[in-house]
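Residues per chain are reported as follows:
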Number of protein chains: 2
Amino acid sequence: MDLTERKLKILQAVIADFVRTAEPVGSRTISKNYSLGSPATIRNEMSDLEEMGFLTHPHTSSGRVPSEKAYRLYVNEMMKKRELSQAEKDAIASELYQNVTELDSLIERAAHVLSEITSLTAFALSPGKEQDTLRYINLLPVDDYSVVLMLVSDSGKVSNTVVRLKAPASEDTLRILAKNMTYNYSGKTLSEALKIDIIENFRTDAAAMSMFEQSIAPSFIRTLEDMLNVNLYMDGLTNIFALPEYNDIEKARTFFEMIGRKAEITQKLISRGDGIEITIGGENQDADLSDCSVITATYHVDGRLVGKLGVIGPTRMKYDEVTSVVEYLTDNISKAFMLTEGDDDDR
Amino acid sequence: MDLTERKLKILQAVIADFVRTAEPVGSRTISKNYSLGSPATIRNEMSDLEEMGFLTHPHTSSGRVPSEKAYRLYVNEMMKKRELSQAEKDAIASELYQNVTELDSLIERAAHVLSEITSLTAFALSPGKEQDTLRYINLLPVDDYSVVLMLVSDSGKVSNTVVRLKAPASEDTLRILAKNMTYNYSGKTLSEALKIDIIENFRTDAAAMSMFEQSIAPSFIRTLEDMLNVNLYMDGLTNIFALPEYNDIEKARTFFEMIGRKAEITQKLISRGDGIEITIGGENQDADLSDCSVITATYHVDGRLVGKLGVIGPTRMKYDEVTSVVEYLTDNISKAFMLTEGDDDDR
DNA sequence: GTTAGCACTCAACGTGTTCGAGTGCTAATT
DNA sequence: AATTAGCACTCGAACACGTTGAGTGCTAAC
C-alpha cells in the first residue's frame, strides 16, 4: 500500500489534532476541519493507515491515535522548522544575557527558560571538562596550618580548597611545592592529571614531599574530580501535572522517580548523539521512558566545552516548536557566554 | 468536661492507629487492641473527645480522625523521645562521616539521610554567612588580561572568580590593589563588606583605581553576594507518592508546586525559631501547608554558622520518631564537620 | 473512487442496590 | 453512676445495569 498525498495529509491532521487535544481523533473531526473528503472516506484512509502501522485504535469504537512510527515519520519528513516568536526570543534573551559568574549558572537558566517556553520538563548538562587543561596551580598560605590550593583551568574554571596541614609550612616549602606541581601538571587535561602517579614523579625535599603526600595530594585529587564533575540541572518538573497523560498518579510517580535518578540521566544524556537528537517512545531504551519523547541538542562554548540540553515530554509533543527552541537555545549559549565573559560586562 | 486518664489513652490510641493506617479509627478497633472498655464505652468517650475538639468525623458513619488540636496535645504532652536504632545511627554516620570538601555537601547529605530514614520530604539549609568574616583577599595574575580574585572567609569558605581586565595589569598594580583591599575589607563580615562604599574609601594610584572600579569591583560584589547566599537542599520528594493522602493528583500537584518555590521556603525556614520547632497543619500560615506538618531544627557549626534542617509531611506523622532523628542529625552535623575539617582526614 | 446509510461497539455516565463498617441512642446490667 | 449490649440508622464503596454518544466497519448507491 502506498502513502498517498491524501494519506499523508490525514496523518498529519490526526497528529496535529491529537497533539493538541490528547483525545483520539475521529473521522468526523478531520472531515470537518480539513477538506479532505467525507467522514467515510477519511475512515477508509485511516483504516489503511492503521494497517500500515501509523495509527492505532484504543478500542473498536474510538478515534485514532498516532503511533510512534507516525511521530517518527512526522519528525523525519513532515515537520517544518518554526520561527520563534519575538516573545520567546525576548524570554530567552532576558534569561541568558545576564551577568553570570559561572558558565554553570548560565546553563541552569537555559534549562529554566526552556521549560517555561515548552511547558515541559527541561534539563541541561554543564559542559564536560575532560578536555579542559590545567593552566595555573598555586598554594597560598592563609595561616600557619592552612593553605589554599588553587587551580585554574583553561576554560576559566577556578577551584580551590582550604587544606589543613599537619605541620606548619614555610612559604619556601609552599613555593617549591607549587612550582613542582606546576611543572608536573600544568598543560595536562584534568583527566590526564588524575592518571599521573603523583608520588612517583615527584622529587623534592623530604619535608615538602611528606606534606604533599599527606595533606595536599588528597585534596588535589578530590578537587580535580570535582572539577571534572558534570552537573545536571532540571526545571519545570511540575509541568507534567498539566498533561492529561499524567493524571494517573502511578504515571506521575514513575516519572518523578525516573527524574530523580540523576546519575543515570546524566549518563544517558552524555551518550546521546551530537546535534539535535529526537527519540520517541520505545526508541528510548528505558522502560520508564517508553511513553515519553526526548529531544536533546548539543551546545558548544569556546569550541572545546561541550554540553547537552533538552526536554522530556509525552510522545504527544509539539516536536516542531520544541526542536526550534532547543536549537535556538544551544546556538545562543555560547554567544551569551562570550558576552558575559568578555569585556563589556555592563550591558 | 475533663480530659480523664482514659480519654487520654483513647486519644493516644486513635492517634497511633490513624498515624499507622491513615484510615479513620472505629470504636471496635480501639476496644479490641487496647483494653480500654467495650466499643460502646469507647464510643461515648470518643463522642466527648469530639465535643472537646480533639477528634473529628469525616461523615456520620465513619471512625474518628485526630484533629490538629489532638496532634498538638500529643506533641506537647504525650510524646516520648525515641532512641534511634543502631541501623539508623549507622545510616546517619555513613552519610555524614565521609570526606567532604565543603560544608554544603555535608548539609546536602544530611537532607538525604533524613528523607531516607523518615520516608518524608526533607530539606536542609546551608548555614547563613552573615557573621562570616573575610580573612584573606588576593589578586593573582593568570595571564595578561585575566586575574583571579580570591576570597577566603573565616569559616574556610573559599571563593574566587576569574576577572577579565580591560587593560593588562602589572604585578605591582595588582599587589597594591590586593593590599588596599585587604586593608579595607579583611576582618569585616561579608554583609559589612557589601555595605562599604568602596570607591570612597579607596585611594591609590589612578591606574589601579580605574582597574578596580571598572573590572574588579563588580566581580567582587557579585562574589560577596554569592558567598552570602544560602542554599536549600531537598530530598525525598517522591516519598509523598507512598502516602495515601497524596493519591489525589491535585494534592500531589500543589505539593510539588509549593516545594518548587525555593526562595519562599528558604525565607520561611530562616524565620522559624531556634531549636526544634514543630508546626502542625494550619499552624503553618501557608494555605498549601494547611494539611502538612513541618518539623525543623537548628544546627550549629563552629559556634558561628547556623542553619536549619527538617522535614515536611502529612499531619499524620510519626512525630516522636521524626523529632528524634532531626534532633540527632543536628547534634551530629557540627561533630561531623569538625572531623572532616580537622586533621585526621583519613578515617 | 467517493459517499450515504446503518448496524454495531464500547467507554463514560448515571442510577439503583447491596454490603459493611461505623455511629448514636436506649435500656439493661454491674 | 458507669458500663455495656442491642438495635436502628447512616453513609461510602463496590457492583450491576441501562442509556448515551462518539466512533467504527461494511455495504450499497452515486
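Here is what the cut-offs are and how they apply
- Residues numbered from 1 in each chain as written.
- Chains lettered and ligands numbered in written order.
- Predicted model: local features only at pLDDT ≥ 70, side-chain atom pairs only at ≥ 80, totals over all residues.
- Heavy atoms only, no water.
- Helix = DSSP H or I, 4+ residues; strand = E, 2+ residues; numbered from the N terminus.
- Rg over C-alpha atoms; globule rule 2.2 N^0.38 Å.
- Buried < 20%, exposed > 50% of the residue type's maximum accessible area, 1.4 Å probe, protein only.
- Axes fitted to C-alpha atoms, helices over the stretch in contact; angles between N-to-C directions.
- Parallel < 35°, antiparallel > 145°, perpendicular 65-115°, else oblique.
- Left-handed = near helix turned anticlockwise from the far one by under 90°.
- Contact = heavy atoms within 4.5 Å.
- Nonpolar A, V, L, I, M, F, W, Y, C, P; charged D, E, K, R; others polar.
- Near = heavy atom within 4 Å.
- Polar contact = N/O pair within 3.5 Å; in protein donor to acceptor, adjacent residues only side chain to side chain.
- pLDDT = per-residue confidence, 0-100.
- Expected span 1.5 Å × (residues − 1).
- Arc of directions from axis to C-beta.

## Structural notes on the overall build of chain A
Working step 1: Of regular secondary structure, chain A possesses twelve helices and ten strands.
Working step 2: Compactness check: chain A gives a C-alpha radius of gyration of 27 Å against a globular reference of 20 Å for 347 residues, more than 25% above the reference.
Working step 3: Principal-axis analysis of the C-alpha atoms places the extent of chain A at approximately 90 × 40 × 35 Å.
Working step 4: Per-residue burial over chain A gives 51% buried out of 347 residues.

## Some details on the packing of helix α7 (residues 171-185) of chain B against helix α9 (residues 206-228) of chain B
All names here are of chain B.
Working step 1: Where α7 meets α9, the axes come as close as 11 Å, and the angle between the chain directions of the two elements is 60°. Between α7 and α9, the angle is such that the two are oblique. As α7 runs across α9, the sense of the crossing is right-handed. Where α7 approaches α9, its residues Thr173, Leu174, Leu177, Met181 and Tyr185 are matched on the opposing element by Ala208, Met211, Phe212, Ile216 and Phe220.
Working step 2: The residue inventory of the contact of α7 with α9, partitioned by class, reads nine nonpolar, one polar and no charged.

## Comments concerning the protein's contact with DNA strand D
Working step 1: Around DNA strand D, the surrounding shell holds 20 residues, and the nearest of these are A:Ser27, B:Arg6, B:Thr41, B:Thr60 and B:Ser61.
Working step 2: Backbone atoms, meaning sugar plus phosphate, form 71% of the atoms of DNA strand D positioned within 4 Å of the protein.
Working step 3: Take A:Arg43: an N or O atom from its side chain is 3.0 Å from a base oxygen of DNA strand D.
Working step 4: B:Ser38 has a polar backbone atom sitting 3.1 Å from a phosphate oxygen of DNA strand D.
Working step 5: Secondary-structure elements contributing two or more residues to the surface near DNA strand D are α3 (39-51) of chain A together with α3 (39-51) of chain B.
Working step 6: For the surface near DNA strand D, the element with the most residues is α3(B), which contributes four residues.
Working step 7: Tallied by class, residues from the surface near DNA strand D come to two nonpolar, 14 polar and four charged.

## Topic: the confidence of the model for chain A
Working step 1: Looking at chain A, pLDDT values average 89 and 94% of them are 70 or higher.
Working step 2: Scored below 50 in pLDDT, residues 342-347 of chain A shows ten contacts in the model against residues more than four places distant or in partner chains.

## Topic: helix α7 (residues 171-185) of chain A
What sets the pattern is the α-helix's 3.6 residues per turn: residues three or four places apart point alike.
Residue and element names in this part refer to chain A.
Working step 1: The terminal C-alpha atoms of α7 lie 21 Å apart, and with 15 residues this matches the ideal 21 Å at 1.5 Å per residue to within 8%.
Working step 2: All buried positions along α7 are accounted for by Thr173, Leu174, Leu177, Ala178, Asn180, Met181, Asn184 and Tyr185. Each buried residue of α7 sits inside an arc of 165° when the element is viewed along its axis, so together they form one side. Of the exposed residues in α7, those oriented more than 90 degrees away from the buried face are Glu171, Arg175, Lys179 and Tyr183.
Working step 3: Along its buried surface, α7 packs onto β4 (134-143), β5 (146-153), α8 (190-195) and α9 (206-228).
Working step 4: Count one or two residues on from α7 and you reach Gly187, which has phi positive near 90°.

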